[in-house]
Amino acid sequence: RSAVKGEKFLNYTPSLITAAAVGLAKATFRPEEPIWTATLAHYTKYSYSEVKRCMIYLLDLYRSDFSATNRQFPAVWNKYNLPRYLGILKTTPFRTLPTR
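Residues numbered from 1 in each chain as written. Predicted model: local features only at pLDDT ≥ 70, side-chain atom pairs only at ≥ 80, totals over all residues. Heavy atoms only, no water.

### Considering helix α2 (residues 14-29)
Here α2 contains 16 residues, and its C-alpha end-to-end distance of 22 Å stays within 8% of the 22 Å for a straight helix at 1.5 Å per residue. Among the residues of α2, those classed as buried are L16, A19, A20, G23, L24, K26 and A27. Down the axis, α2 shows its buried residues gathered within 160 degrees of arc, on one side only. (Helix = DSSP H or I, 4+ residues; strand = E, 2+ residues; numbered from the N terminus. Expected span 1.5 Å × (residues − 1). Buried < 20%, exposed > 50% of the residue type's maximum accessible area, 1.4 Å probe, protein only. Arc of directions from axis to C-beta.)

Structure below.
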C-alpha cells in the first residue's frame, strides 16, 4: 500500500519534493501568508506551478496516514507529538490545498 502511494514521487527530483514539503509546511503554519512566494521561487528555483502537483500528493499521503487507525510507525507519531517538536502531528491536515 505504501509503495503504491510512494510511486507517484518517482516522477519528481528530491529537490522538488523538498520544495513542495516546504511550501506545504508554510501553508500549514502560516495560513495567512501566500503558499508560494518570490523568495521561495528564487531559492528553490521552482515555480508554484511546478511544485503544486507534488504538494497535493504530499498532502494526500499525510492525510491518509493521519486518518489511519493503525499507524504503521507509532514511535514516529509519538515522538513528533511531543512538545519539543511543537506537537506537529496534532495539526489536522487540510482537506485540499489552499488556493492562495
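Still to come is the rest of the account.
### Quick word on the pattern of salt bridges
Pairing is possible between side chains that carry opposite charge, provided their charged atoms lie close to one another. Scanning the model with the defined rule gives one salt bridge in all. In this structure, E33 and K26 form a salt bridge, with 3.0 Å as the shortest nitrogen-oxygen distance. A residue is classified by how much of its surface remains accessible, and E33, at 26% relative accessible area, is partly exposed. Note on K26: relative accessible area 16%, which makes it buried. (Salt bridge = Lys/Arg side-chain N within 4 Å of Asp/Glu carboxyl O.)

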